[in-house]
Amino acid sequence: SPSAAAAPVYALPALTPEACRLLLEETLHYRASGLPIGRPNSMNRDGVLLAEMGLGRWLDALVAGYVDPLARALFPQVAAQGLDGHKGFTVRYCSDSAGLGP
C-alpha cells in the first residue's frame with residue numbers, strides 16, 4: 001500500500017515480483033547481447049534505456065495507465081494536464097567491498 005516515505009516522497013509497489021524478475025532477466029540478456037548501450041545520463045554508466053531494449057511501448061502503457069494518473073492526483077499543480085514525456089532506464093549499483101567492481 002502507498003506510504004509517505006518523506007514529504008513529498010511516496011513509495012508504493014508498482015510492479016509485481018514476477019514483473020521485476022522478468023525485467024531484470026531481460027536487462028541481463030540485453031547487456032550480454034553485445035548490442036550498443038546508450039547511457040541514460042552522465043551519472044549512470046551501467047544503466048540501460050528501456051526503449052533500447054524494445055520496452056518502449058510497455059513503458060508508454062505503464063506511464064499512461066499508472067504513473068500519469070498518479071502524478072495528476074498527487075501533484076495537480078504541475079501535472080494537471082498530464083505528463084509530457086518520460087524516460088525509463090535501469091540502474092545498477094555494485095559494492096567494491098563485495099568484490100563486484102565499480
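**Student:** What am I meant to see in the nonpolar core here?
**Tutor:** When a protein is soluble and globular, its nonpolar side chains tend to lie buried together. Residues Y30, V48, L50, M53, L55, L59 and V63 constitute the largest nonpolar core, which totals seven residues. Contacts of L50, omitting those with residues within four sequence positions, involve L23, L55, G56, W58, L59, G88, F89 and T90.

**Student:** What am I meant to see in a nonpolar patch on the surface here?
**Tutor:** On the surface, Y10, Y66, V67, L70, L74 and L83 cluster together to form a nonpolar patch covering roughly 450 Å² of accessible area. With four residues, the single largest contributor to the nonpolar patch is helix α2 (residues 56-74). Residue position: L74 is located in helix α2.

**Student:** How should the pattern of salt bridges be read in this particular structure?
**Tutor:** It is possible for side chains bearing opposite charge to pair when their charged atoms get close. Summed over the entire model, instances satisfying the criterion amount to three salt bridges. Across the pair R21 and E18 runs a salt bridge whose closest N-O atoms are separated by 2.8 Å. Taken together, the residues R21 and E18, both in helix α1 (residues 17-32) and three residues apart, mark about one turn of the helix. Take R21: its relative accessible area is 40%, and that puts it in the partly exposed class. Between D68 and R72 there is a salt bridge, with the nearest N and O atoms lying 2.8 Å from each other. One end of the pair is D68 and the other is R72, both in helix α2 and four residues apart, which spans about a single turn. In this structure R72 comes out as partly exposed when scored by relative accessible area, which is 37%. Each of E18, R21 and E25 takes part in a single network of salt bridges with overlapping partners.

About the criteria used
- In every chain, residue numbers begin from 1 and rise along the written sequence.
- Selection of residues for local features in this predicted model requires a pLDDT of at least 70, selection of side-chain atom pairs for listing and counting requires 80 or more, and totals for whole chains, interfaces and linings are taken over all residues.
- Side-chain descriptors were evaluated using all non-hydrogen atoms of the structure, hydrogens and water having been removed beforehand.
- For this analysis, a nonpolar core means a set of buried residues of the types Ala, Val, Leu, Ile, Met, Phe, Trp, Tyr and Cys, connected via side-chain atoms within 4.5 Å.
- Exposure is judged per residue with a 1.4 Å probe applied to protein chains only, and the accessible area is read against the type maximum: over 50% gives exposed, under 20% gives buried, and values in between give partly exposed.
- Contacts: residue pairs with any heavy atoms within 4.5 Å of one another.
- Only residues above 30% relative accessible area that lack a salt bridge enter a patch, with like-charged residues linked at up to 9 Å and the nonpolar side chains Val, Leu, Ile, Met, Phe, Trp and Tyr linked at up to 5 Å.
- Each accessible area value is a Shrake-Rupley result obtained with a 1.4 Å probe; residue values ignore everything except the protein chains displayed when judging cover.
- We define a salt bridge as a contact between a side-chain nitrogen of Lys or Arg and a carboxyl oxygen of Asp or Glu at a distance within 4 Å.
- Helix and strand labels come from DSSP, where a helix needs a run of H or I of at least four residues and a strand needs a run of E of at least two; each type is numbered from the N terminus.

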